[in-house]
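A structural walkthrough
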Amino acid sequence: MVAPTPADASEVRSSPAPDPLAVSVRGLRMRYGDRDVLRGVDLDIRRGEVLALLGPNGAGKSTTIEILEGFRRRSEGEVRVLGHDPQYVGDDWRARVGIVMQSWRDHARWRVRELLDHFGRYYRNARTTDELLTAVGLTDQATQECHRLSGGQRRRLDVALGIIGRPELLFLDEPTTGFDPESRLAFHELIERLRATDNTTILLTTHDLVEAERLSDSIAVLINGRLITCGPADQLVREVGAKAEVRWVEEGAVQRQFTSDPSRLVWELHCRIDGPIDGLEIRRPTLEDTYLRLLRQEQVS
Ligand SMILES: Nc1ncnc2c1ncn2[C@@H]1O[C@H](COP(=O)(O)OP(=O)(O)OP(=O)(O)O)[C@@H](O)[C@H]1O
């Protein structure tokens, strides 16, 4: 190892610290005609973080992602993705970003292996086709024409195309739509590997709340073009305060009560029954309960 010269040392000292944020969004607005679809979204995603963007149909998730990908011009706001404004980026930036869009790119007559070989040539440090086929479980379909793949297999091919260039930042817009449970599990393991081995930052949208909870560090909820909340799933569950369900059997019948303080209810039951509580079950609120409660609150307000 060569010791740095004083000049090298000063360079090391003066080089700026890497930006800890992969994505930074402030005051993002999008208007289609006279309709406001995004109404002032602020969002940060740290490098190496997996963030799940949740929201009902039409909330503006794909619009947000397409703006971050540089495919859509925003109406207002500041957006930085990997240190750049995605409206003004070139091929070098594009090579650092992986994209799995909602709609499938049609390469119907291409064979799976040919397609992956072809796109791999665009990247300096592409994954090999065999590595990709194994990663997404399409080895047996390698010589098949794309139009003969099932819906779930096509989606897996999309994922393979998204990670082909070892992206620093990966956008996944409803990646597991149409996956069977086994492929879904394999996909989850793939995302966990990408994150553990490559420190890939991932922004994904999904309507599957179990998937969101399993894969992400943070959950952001977009409703009517506004980001209602953002944070780790357990924090959201605590903050939103959906109620726990307590069940027990009393006088031969199943009883059920929703409460924000289940331990107090159990204590009261214990005092009243004065003995063991038959069939006692406590179901803590899930991310789904929390999300549905947020949706209802927003519809009422
Ligand atoms: N090009 C467009 N022109 C006009 N309106 C659009 C356009 N693209 C999207 N929209 C509208 O913007 C709103 C947000 O759409 P978007 O696709 O971002 O929602 P989403 O949250 O991704 O929904 P989903 O969960 O159904 O995919 C919808 O009402 C949609 O109809």
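Analysis parameters
- Residues numbered from 1 in each chain as written.
- Predicted model: local features only at pLDDT ≥ 70, side-chain atom pairs only at ≥ 80, totals over all residues.
- Helix = DSSP H or I, 4+ residues; strand = E, 2+ residues; numbered from the N terminus.
- Contact = placed C-beta atoms within 7 Å.
- Pairing = 2+ DSSP bridges.
- Axes fitted to C-alpha atoms, helices over the stretch in contact; angles between N-to-C directions.
- Near = placed C-beta within 6 Å.
- Nonpolar A, V, L, I, M, F, W, Y, C, P; charged D, E, K, R; others polar.
- Buried ≥ 20, exposed ≤ 12 C-beta atoms within 10 Å, placed from the backbone.
- Arc of directions from axis to C-beta.
- Core = buried A, V, L, I, M, F, W, Y, C linked by C-beta atoms within 7 Å.
- Domains from an automatic or database assignment.
- pLDDT = per-residue confidence, 0-100.

**Some words on the overall build of the protein**
- Looking only at helices and strands, the protein has 11 helices and 12 strands in total.
- Its C-alpha atoms give the protein principal-axis dimensions of about 75 × 60 × 50 Å.
- Restricting to contacts in the protein with at least 6 residues of sequence separation, those with at least 24 account for 66%.

**Focus: the sheet that holds strand S6 (residues 169-173)**
- With respect to topology, six strands assemble into an open sheet ordered S5-S6-S7-S3-S8-S9, the strand pairing being mixed. Where the open sheet ends on each side, the last strands, each with one partner, are strand S5 (97-100) and strand S9 (226-231). Neighbour-to-neighbour, the strand axes of the sheet open up by a mean angle of 15°, direction not taken into account.
- Alignment of strand S3 (residues 50-54) against strand S7 (residues 201-205), held across four bridges, turns out to be parallel. Of the residues in S7, the one forming a bridge with Leu 53 is Thr 205.

**Overview of the site of the ligand**
- Taken together, Tyr 32, Val 37, Gly 55, Asn 57, Gly 58, Ala 59, Gly 60, Lys 61, Ser 62 and Thr 63 make up the full set of residues near the ligand.
- The element contributing the most residues to the shell around the ligand is helix H2 (residues 61-69), with three residues.
- Class assignment for the residues of the shell around the ligand results in three nonpolar, six polar and one charged.

**Considering helix H5 (residues 129-136)**
- Listing the buried residues of H5 in full gives Thr 129, Leu 132, Leu 133, Ala 135 and Val 136. Projected down its long axis, H5 shows its buried positions confined to an angular sector of 165°, all on one face.
- As for H5, its buried residues are in contact with helix H4 (112-120), helix H6 (151-163) and helix H7 (181-198).

**Concerning the nonpolar core**
- Val 23, Ala 52, Ala 160, Phe 171, Leu 203, Ile 219 and Ala 220 are the most contacted members of the largest nonpolar core, which totals 63 residues.
- Three or more residues apiece are contributed to this core by two domains, here domain 1 (21-232) and domain 2 (238-300).

**Looking at the domain arrangement of the protein**
- With domains assigned, the protein is organised as domain 1 (21-232) and domain 2 (238-300).
- Computed from C-alpha atoms alone, the centre-to-centre distance between domain 1 and domain 2 is 37 Å.
- The set of elements that each furnish at least two residues to the side of domain 1 that touches domain 2 consists of helix H8 (209-215), strand S8 (218-223) and S9.
- Considering each element in turn, the side of domain 1 that touches domain 2 owes the most residues, three residues, to H8.
- Classifying every residue of the side of domain 1 that touches domain 2 gives seven nonpolar, two polar and one charged.

**Comments concerning the confidence of the model for the protein**
- For the protein, the average pLDDT comes to 89, and 93% of its residues sit at 70 or higher.
- In this model residues 1-12 is a low-confidence stretch, pLDDT under 50, and it forms two contacts with partners more than four residues away in sequence or in other chains.
- Scored by ipTM, the complex comes to 0.96, with pTM at 0.85.

**Focus: the sheet that holds strand S10 (residues 244-250)**
- Pairing in this open sheet of three strands is antiparallel, and the strands run S11-S10-S12 from one edge to the other. Both outer strands of the open sheet, strand S11 (253-259) and strand S12 (281-283), are each paired with one neighbouring strand and no more. Between one strand and the next, the sheet's axes are offset by a mean angle of 20°, whatever the strand orientation.
- Strand direction decides the pairing type here: S10 and S12, joined by three bridges, are antiparallel. When the bridges of S12 are listed, Glu 245 appears paired with Arg 283.
- Along the sheet face, helix H10 (residues 262-273) touches S10, S11 and S12 and points at about 15° away from the line of S10.

**As for the pairing of S8**
- For S8, a buried count of five out of six residues is recorded, marking the element as mostly surrounded by other parts of the structure.
- Pairing geometry for S3 and S8, over four bridges, is parallel. Counted as the bridge partner of Leu 53 is Ala 220 from S8.
- As judged from the five bridges shared by S8 and S9, these two strands associate in the antiparallel manner. Directly across from Ile 219, in S9, lies its bridge partner Gly 231.
- If you look at the hairpin formed by S8 and S9, you'll find two residues sitting between the two strands, and Asn 224 has a positive phi there, around 50°.

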